[in-house]
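# Examination of the molecular architecture
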Amino acid sequence: MKTDHDHLRHAVEIARQSRAGGNHPFGALLVGPEGEVLLTSGNTYATDRGTGHAEANVAQAAARAFEPDFLEGCTLVTSVEPCCMCAGAAYWAGIGAVVYGMSEKRLAELTGDNPENLTLDLSCRQVFAAGRRPVAVRGPFPELEAEIAEGHKGFW
């Protein structure tokens, strides 16, 4: 079975493809209860101008495709910590766990004051803690940070 590291590297590859396609360098995937990849998405900034974050895209597709009971056993894997919008989308979709590689705070250091990504200082753990059902969170993974940050170099 693939590990969190394996899935995170897949998310990083999706982020690379997203950037190559003219979008922001973020990638996400939904992993099913048996470890299978069910859905993937990159960022879609080029078409939606800001709300099509990779994680929100996956959460929305998951909510349309699967029942909440099934999604409780699924994991959203993303290259960078979900922002509050994406954490909310994962929560409302019913996804039971989130794995992320690099923290939102580290992302803010990379993006600075870029108007296309004015990060909010609000961790996904804070968003989930405000909810009425648990969402397990694993991340960040410092050993993958350089690999993830590389995809953002020269972009912002």
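As a reminder, the structure under discussion sits directly above these lines.
Summarised in this report is the structure supplied together with it. In this convention, every chain numbers its residues from 1, walking through the sequence in written order. Totals for whole chains, interfaces and linings use all residues, but because this is a predicted model, local features are given only for residues with pLDDT of at least 70 and pairs of side-chain atoms are given and counted only at 80 or more. Calculated side-chain values reflect all of the structure's heavy atoms, with hydrogen atoms and water omitted.

A word on helix α1 (residues 4–20). Helix and strand assignments follow DSSP, with helices taken as H or I runs no shorter than four residues and strands as E runs no shorter than two, numbered in order from the N terminus. Expected helix span is computed as 1.5 Å times (number of residues minus one). With 17 residues, α1 should reach 24 Å at 1.5 Å per residue; the first-to-last C-alpha distance of 24 Å fits that figure. By definition, residues are in contact when any of their heavy atoms lie within 4.5 Å. Buried-residue contacts for α1 involve β1 (27–31), β2 (37–42), β3 (75–80), β4 (97–102) and α8 (145–150). Remark: Gly22 follows α1 within two positions and exhibits a positive phi of approximately 90°.

Only Phe, Tyr and Trp rings take part, Trp by its six-membered ring, and two of them pair if their centres are within 6.5 Å. Stacked means planes under 30 degrees apart, edge-to-face means over 60, and tilted covers everything else. Applying the stated rule across the entire model yields 4 aromatic pairs. Ring geometry for Phe26 and Trp156: centres 6.2 Å apart, planes at 50°, overall tilted. Taken as a pair, Phe26 in the loop between α1 and β1 and Trp156 in the segment after α8 lie far apart in primary sequence, 130 residues in all. Judged by centre distance (5.4 Å) and plane angle (85°), the ring pair of Tyr91 and Trp92 falls under edge-to-face. What makes Trp92 exposed here is its relative accessible area of 73%. An aromatic cluster is defined as three or more aromatic residues linked by ring pairs; in this entry it consists of Phe26, Phe155 and Trp156. Residue placement shows Arg133 over the ring face of Tyr91; its charged tip is 4.8 Å from the ring centre. Under the scheme applied here, a residue whose accessible area is under 20% of the maximum for its type counts as buried, over 50% as exposed, and between as partly exposed, the area being computed with a 1.4 Å probe on protein chains only. To sit over a ring, a charge needs its Lys NZ or Arg CZ within 6 Å of the ring centre and within 35 degrees of the ring normal.

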